[in-house]
Structure formats: structure tokens, C-alpha cells
Amino acid sequence: MIPLQHFLFISAALFSLGLFAVITRKNAIQILMGIELMINASILNMVAFGKYDKIDNTGQVFGLFIIVLAAAAVAVALVIIMNLYKRVKTINPDKANTLRG
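Residues numbered from 1 in each chain as written. Predicted model: local features only at pLDDT ≥ 70, side-chain atom pairs only at ≥ 80, totals over all residues. Heavy atoms only, no water.

### Things to note about helix α1 (residues 4–24)
Moving on, step 1. Spanning 21 residues, α1 covers 30 Å between terminal C-alpha atoms, matching the ideal 30 Å at 1.5 Å per step.
Moving on, step 2. Turning to α1, its buried residues number three or more, namely Ser-11, Gly-18 and Ala-21. For α1, the arc enclosing every buried residue in end-on projection is 85 degrees, short of the 170-degree limit, so these residues lie on one face. Facing away from the buried surface of α1 by more than 90 degrees, the exposed residues are Gln-5, Phe-9, Phe-20 and Ile-23. (Helix = DSSP H or I, 4+ residues; strand = E, 2+ residues; numbered from the N terminus. Expected span 1.5 Å × (residues − 1). Buried < 20%, exposed > 50% of the residue type's maximum accessible area, 1.4 Å probe, protein only. Arc of directions from axis to C-beta.)

### Let's talk about the packing of α1 against helix α2 (residues 28–51)
Moving on, step 1. The interhelical angle for the contact between α1 and α2, taken along N-to-C directions, is 165 degrees, at an axis separation of 7 Å. Our classification of the angle between α1 and α2 gives roughly antiparallel. Classified by chirality, the crossing of α2 by α1 is left-handed. Here Leu-4, Phe-7, Leu-8, Ile-10, Ser-11, Leu-14, Phe-15, Leu-17, Gly-18, Leu-19, Ala-21 and Val-22 of α1 lie close against α2, whose contacting residues are Gln-30, Ile-31, Gly-34, Ile-35, Leu-37, Met-38, Ala-41, Leu-44, Asn-45, Ala-48 and Phe-49.
Moving on, step 2. Among the residues forming the contact of α1 with α2, the class breakdown is 18 nonpolar, five polar and no charged. (Axes fitted to C-alpha atoms, helices over the stretch in contact; angles between N-to-C directions. Parallel < 35°, antiparallel > 145°, perpendicular 65-115°, else oblique. Left-handed = near helix turned anticlockwise from the far one by under 90°. Contact = heavy atoms within 4.5 Å. Nonpolar A, V, L, I, M, F, W, Y, C, P; charged D, E, K, R; others polar.)

### A word on unusual backbone geometry
Moving on, step 1. Look at Lys-89: it is not a glycine, yet its phi comes out positive at around 70 degrees.
Moving on, step 2. Among the secondary structure elements, Lys-89 is positioned in the segment after α3 (58–88).
Moving on, step 3. The class of Lys-89 is exposed, set by a relative accessible area of 59%.

### Some points on α3
Side chains three or four residues apart in an α-helix point the same way, a direct result of the helix having 3.6 residues per turn.
Moving on, step 1. Given a rise of 1.5 Å per residue, 31 residues ought to cover 45 Å, and the 44 Å separating the end C-alpha atoms of α3 matches this to within 8%.
Moving on, step 2. Residues of α3 that are buried: Gly-59, Gly-63, Ala-70, Ala-77, Ile-81 and Leu-84.
Moving on, step 3. Positive phi shows up at Lys-89, right after α3, with a value of about 70 degrees.

So yeah, pure geometry; function would need other evidence.
Following this line, the structure appears as C-alpha cells:
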């Protein structure tokens with residue numbers, strides 16, 4: 001049986017990689033991928049804690065709920081990025097300083 005600390009270490013590494021990607025990248029798609037890495041780290045935490053919960057499976061339920069919300073957030077973010085590219089002709093968030101219609 002894999003101990004909980006291993007799950008938490010992998011989750012912390014995933015979250016750190018995602019945070020590094022969000023902070024250092026200049027491309028909106030790469031920033032979105034970094035956010036997804038951070039969300040996946042939180043899902044891993046939920047499922048790992050749910051595995052060690054002997055009473056009920058709340059960790060797995062929360063993990064599934066987060067997966068559904070993350071899929072919806074990615075769909076909305078991609079639509080926003082596509083509209084930004086159509087209007088400004090770049091996906092660099094620093095270059096898009098006017099979002100007026």
C-alpha cells in the first residue's frame with residue numbers, strides 16, 4: 001500500500017510545476033495548461049485523502065466534481081482565448097490591454 005505522503009509529494013510537485021508555468025509563461029494557452037496542472041494536483045489530493053477515509057468516499061466525490069468543473073472552465077477559457085485572438089490577433093495576455101467592445 002502506497003503511503004499518503006507519496007501522494008502528497010507528487011501533488012505538491014504538480015502544483016509547483018503548474019504555478020511555475022502560470023507565473024513564467026507569456027502565452028494564454030500555456031497559462032491555461034499550468035492552471036490545469038494545479039487543478040489536477042488538487043484532484044490528486046482529494047482522491048488520496050478519500051482513499052484513506054474509511055467511513056465514506058467523499059474524496060472521490062469531490063474529485064469527480066472538480067473534474068467536471070475543470071472541464072467546464074477549460075471550455076470557457078478556450079472560448080475566451082479564441083475571442084481574444086480574433087479581436088487582438090495575439091494570445092499574449094500582456095498585449096491585450098483593451099477589452100472594450
